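Structure assessment
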Amino acid sequence: MQQKSSENGAELVERDRQVLWHPYSSVLQPSPLFAVKRAEGVRIQLQDGRWLLDGMSSWWSAMHGYNHPVLNRALQQQAEQFAHVMFGGLTHEPATRLGEQLVQITPAGLSRVFLCDSGSVSVEVAMKMAAQYWQAKGVQGKHRFLSLKRGYHGDTWAAMSVCDPDTGMHHLFRGMLAQQFFVESPSCRFGDDWNPASIEPLQQTLQQHAHEIAALILEPVVQGTGGMRFYHPQWLAEARRLCDQHGVLLIADEIATGFGRTGKLFGCEWAGISPDILCLGKTLAAGYMTLAATLCTDEIATGICSAEPGLFMHGPTFMANPLACAVASASIDLLQETGWQANVQRIQVGLEGHLSGIADQPGVADVRVLGAIGVIEMQQPVDMNRLQPALVEQGVWVRPFGKLVYLMPPYIMQNDDLQQLCQGTMAAISQQAL
Ligand code: PMP
């Protein structure tokens, strides 16, 4: 079959519309779509030749930017050896090296790595680990999970059950999803004075229901998709203490916060804690391909395997895909070699400086920055069908949702590009407000 030309962006979009479904989208009322030709460094080029500055890192994943020579080389070298082999009964250097690196850089005590396909799957694996652990220990009745309002942990079935019951998709699947416990999201914001009252809802729920709860799952310090809220690290430290006190495991979902985005290598470091189970994804393979990991302590791993059936019951077909592992490994080396912390700090200062100008504009409710995350919260939900093309007109790729227009550029973005990204974003918002 003759390959159709995709030279023309409009034609490509038209062909796409005939057959594809996009994330969180309607096939009846499709929203604007832009065809991409290539991506390089911190820029994405559209089919019509326009270059857009990337403010999204492709949903928190491309932390080193696009088309990176070191990552390309890692991918090519591995492809020349083998692209994939099953992980049942076989192992390889890329997975083993990645496992070693992850154990070394993640919070203390996490000693066992389960590689899997995507962030949502790593959450499923984490929940399964927690449930199987209690079962193996012979503790009856710990079948439910505790989560935070405004939390987000993915779109698969069990992961959905621990997402915010209002802003998540619970209302669509009422009665079908497992019923979990939810506590108020931490009211004490990052940077505010610590307010001990903010931990009381968690304390009360654990006091009443710990015997039914396998684990508390939360996003450390930054609640992402559920509202881009930054909360006080002391809340996290208290949550760790309360989980220990009540015999409940702590699952830290660092799929979005991992690998430096918040200014610490892992969000848990803000509170100086280690979870029992840790989920990683998104930028684990630097935005090149899908890869996730669920790490756990020795206690969990040996606990699960010390009782019938003596195995952890999970094993995805593409577990530990060598291509993804090779890129992930190279990406972790790169992160350390390129001084991620200085870059994230520099971006934080840039975002704070550039975005402060919009805080007083009509329609803007709040502006906040943590690490390489800048958030402009509007008073009303934005009209994506108008704002997205306006942002593209300004030469920036930013994808708002709800009331939130947020920036999380690749760590390599230089100061002048960052300024342009912020100015373009603010100009598009201002135009829409008129
Ligand atoms: N947990 C968190 C905190 C996330 O931000 C996301 C993705 N937005 C997920 C889980 C799900 O990851 P994935 O989209 O790779 O399934």
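Residues numbered from 1 in each chain as written. Predicted model: local features only at pLDDT ≥ 70, side-chain atom pairs only at ≥ 80, totals over all residues. Heavy atoms only, no water.

1. Looking at helix H11 (residues 340-355)
Stated formally: Going along the chain from the N terminus, every DSSP run of H or I of four or more residues is numbered as a helix, and every run of E of two or more is numbered as a strand. Expected span, for any helix, means 1.5 Å times one less than how many residues it has. Under the scheme applied here, a residue whose accessible area is under 20% of the maximum for its type counts as buried, over 50% as exposed, and between as partly exposed, the area being computed with a 1.4 Å probe on protein chains only.
The terminal C-alpha atoms of H11, which comprises 16 residues, lie 22 Å apart, in line with the 22 Å expected from a rise of 1.5 Å per residue. Every buried residue of H11 is listed here: Trp 340, Asn 343, Val 344, Arg 346, Ile 347, Gln 348, Gly 350, Leu 351 and Leu 355.

2. Quick word on the site of the ligand
Test applied: Proximity criterion: a residue is near a molecule or strand once any of its heavy atoms comes within 4 Å of it. Pairs of N or O atoms are called polar contacts if they sit within 3.5 Å, as long as, within protein, a hydrogen donor faces a hydrogen acceptor (for residues adjacent in sequence, only side-chain-to-side-chain pairs). Using a 1.4 Å probe, accessible areas were evaluated by the Shrake-Rupley method; residue-level cover was limited to the displayed protein chains.
Surveying the vicinity of the ligand reveals the residues Ser 118, Gly 119, Ser 120, Tyr 152, His 153, Gly 154, Glu 219, Thr 225, Asp 253, Ile 255, Ala 256 and Lys 282. Separating a nitrogen atom of the ligand from a side-chain N or O atom of Asp 253 is a distance of 2.7 Å. In the model, a nitrogen atom of the ligand is placed 3.0 Å from a nitrogen or oxygen of the Lys 282 side chain. The protein chains hide 81% of the 400 Å² of surface that the ligand would expose on its own.

3. Comments concerning the packing of helix H5 (residues 119-136) against helix H9 (residues 298-305)
The test is simple: The convention used is that axes are lines fitted to C-alpha atoms, helices contributing only their stretch in contact, and that angles between N-to-C directions extend from 0 to 180 degrees. When describing relative orientation, an angle under 35 degrees is termed roughly parallel and one over 145 degrees roughly antiparallel, while 65 to 115 degrees is termed roughly perpendicular and anything else oblique. Two helices that cross are described as forming a left-handed crossing if the nearer one is turned anticlockwise from the farther one by less than a right angle, and a right-handed crossing if clockwise. Residue contacts are defined here by distance: any two heavy atoms, one from each residue, within 4.5 Å place the two residues in contact.
For the pair H5 and H9, interaxial distance at closest approach is 8 Å and the crossing angle is 60°. Between H5 and H9, the crossing angle belongs to the class labelled oblique. The handedness of the crossing between H5 and H9 is left-handed. Note on element contacts: H9 touches H5 through Glu 299, Ile 300, Gly 303 and Ile 304, opposite Met 129, Gln 132, Tyr 133 and Ala 136.

4. A closer look at the domain arrangement of the chain
This is how it is decided: All domain edges in this entry derive from an automatic or database-based domain assignment. As used here, buried area is the combined drop in accessible area, with a 1.4 Å probe, of two parts when they are placed together.
With domains assigned, the chain is organised as domain 1 (10-64 + 340-433) and domain 2 (72-337). Taking the mean C-alpha position of each, domain 1 and domain 2 sit 27 Å from one another. Listed by partner, the interface residues are 26 residues for domain 1 and 29 residues for domain 2. Counting each side, the surface lost to burial between domain 1 and domain 2 is near 2,400 Å², with a carbon and sulfur contribution of 64%. Of all residues in domain 1, the largest losses of buried area upon contact with domain 2 belong to Trp 60, Trp 340 and Leu 370, amounting jointly to 34% of the total for that side.

5. Comments concerning the packing of helix H7 (residues 200-209) against helix H8 (residues 233-246)
Put simply, the rule is: Under the scheme applied here, ten amino acids are nonpolar (Ala, Val, Leu, Ile, Met, Phe, Trp, Tyr, Cys and Pro), four are charged (Asp, Glu, Lys and Arg), and all others, including Gly, are polar.
One way to put it is that H7 packs onto H8 with a least axis distance of 10 Å and a crossing angle of 10°. Between H7 and H8, the angle is such that the two are roughly parallel. Taking contact as the criterion, the partners of Leu 202, Gln 203, Leu 206 and Gln 207 in H7 are, on H8, Trp 235, Ala 239, Leu 242, Cys 243 and His 246. Here the contact of H7 with H8 is built from residues that sort into six nonpolar, three polar and no charged.

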